[in-house]
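Secondary and tertiary structure notes
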Amino acid sequence: MAFRSRREKLRSILSGGTCVRPGSVYDAISIRIAEDLGFPLGMFGGSVASLAVLGDPDVTLITLTELAEQIRRMSRASALPVLVDADHGYGNALNVRRTVQELETAGAAGLTIEDTLLPAAFAEAKTQLIPLEEGVGKMKAALDGRSDPSLVIMGRTGAASITSIEDAIRRAVAYEAAGVDALFFTGIKSRAELAAIASATHLPLVLGGAPEELNATDYLESQRVRIALQGHAPIAAATQAVYEVQKALRDGTAPKALKGLPAAELTNRVMREADVRARSANFLGLKK
């Protein structure tokens, strides 16, 4: 399969002894830049997907079709393995199964399924979790929907910041027993909490945001953390840059006087212009 090598790279990261910090990616340009800079893995977060595709906050308005199409565009543009935040799987366990099928076809190297109750319940401001039994059913459905055994499926829980660390461990142990490939945690607040998780489980661990005391790579590696996210600053920086350029133009700045624009060499590299020129010469008879 065309995507198997990407998935095997992700599996290699999970089975290795080092902790990887992925690049945050959200479109064809950002994934090519991440690849060119040497990131071993891309992370396509749910909040980033909502912002890039819809321009909306992360309130689960994006659809599976929109998410899959965006990862398909990135898969076409780059060979960088991408871990996709598939939120709650866009419905019940049967919807989760289809979510896995669609993201696998689109080229995802791996995906996470979480146990947060999404969309948010009526008149309930506090984030809630689905029952453990339902969460286990979603994990089993995700595994059943996988046709390529190299696709990585991670069980994700935010219980540490919603209910308790004990509940997070209970859920993680159950998802591990269901057969997922790795465990993804958000809301871990201390080394003590991480150590408790590591001692109660056996699978590779992934952290989605953590306090400063959990930033030391050697410590994370000792606790079996194989992937540690580092936020989604690239899309925030891109938003600021676009705003500043648009504002300067609106205020009357001449295009040639704009600051902060990329050099032609960078733009051409991101566009893979040399490859396009070579194909144009080979297939259209144009001069290189």
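Whatever comes next refers back to the structure up there.
Residues numbered from 1 in each chain as written. Predicted model: local features only at pLDDT ≥ 70, side-chain atom pairs only at ≥ 80, totals over all residues. Heavy atoms only, no water.

Once that is clear, we can look at the pairing of strand β6 (residues 182–185). Neither face of β6 is open: one carries Ala182 and Phe184, the other Leu183 and Phe185, and all of them are buried. In this sheet, β6 lies alongside strand β5 (residues 152–157) in parallel orientation, the contact comprising four bridges. Paired with Thr157 across the strands is Phe185, a residue of β6. In this fold, the crossover linking β6 to strand β7 (residues 205–207) by way of helix α9 (residues 191–200) has right-handed handedness. (Buried < 20%, exposed > 50% of the residue type's maximum accessible area, 1.4 Å probe, protein only. Helix = DSSP H or I, 4+ residues; strand = E, 2+ residues; numbered from the N terminus. Pairing = 2+ DSSP bridges. Right-handed = clockwise from strand over helix to strand, strands pointing away.)

Right, let's get into unusual backbone geometry. For residues besides glycine, phi is generally negative; the peptide bonds are generally trans as well. Each neighbour pair has its own omega, and for Leu118 with Pro119 the value is -10 degrees, a cis peptide bond. Within the element layout of this structure, Pro119 appears in the loop between β4 (110–114) and α6 (132–145). Not every positive phi belongs to a glycine, and Ala123 is a case in point at roughly 60 degrees. Looking at the element boundaries, Ala123 is found in the loop between β4 and α6. Ala123 sits in the exposed class, given a relative accessible area of 71%. Here Arg224, not a glycine, exhibits a phi torsion of approximately 70 degrees, which is positive. Take Arg224: it is sitting in the loop between α10 (217–222) and β8 (225–228).

Attention shifts here to helix α13 (residues 273–284). Since the α-helix packs 3.6 residues into each turn, any two residues three or four apart lie on the same face. Helix length check: α13, at twelve residues, gives a terminal C-alpha distance of 15 Å against a target of 16 Å (1.5 Å per residue), a fit within 8%. Positive backbone phi, at 75 degrees, marks Gly285, one or two positions downstream of α13. (Expected span 1.5 Å × (residues − 1).)

Pairing between side chains of opposite charge can happen when their charged atoms approach one another. Per the stated rule, a full pass over the model turns up 18 salt bridges. Between Glu102 and Arg98 there is a salt bridge, and its shortest N-O distance comes to 3.3 Å. Taken as a pair, Glu102 and Arg98 lie in helix α5 (residues 93–106) at a separation of four residues, close to a single helical turn. We classify Glu102 as partly exposed; its relative accessible area is 25%. With a closest N to O distance of 2.4 Å, Glu265 and Arg269 form a salt bridge. (Salt bridge = Lys/Arg side-chain N within 4 Å of Asp/Glu carboxyl O.)

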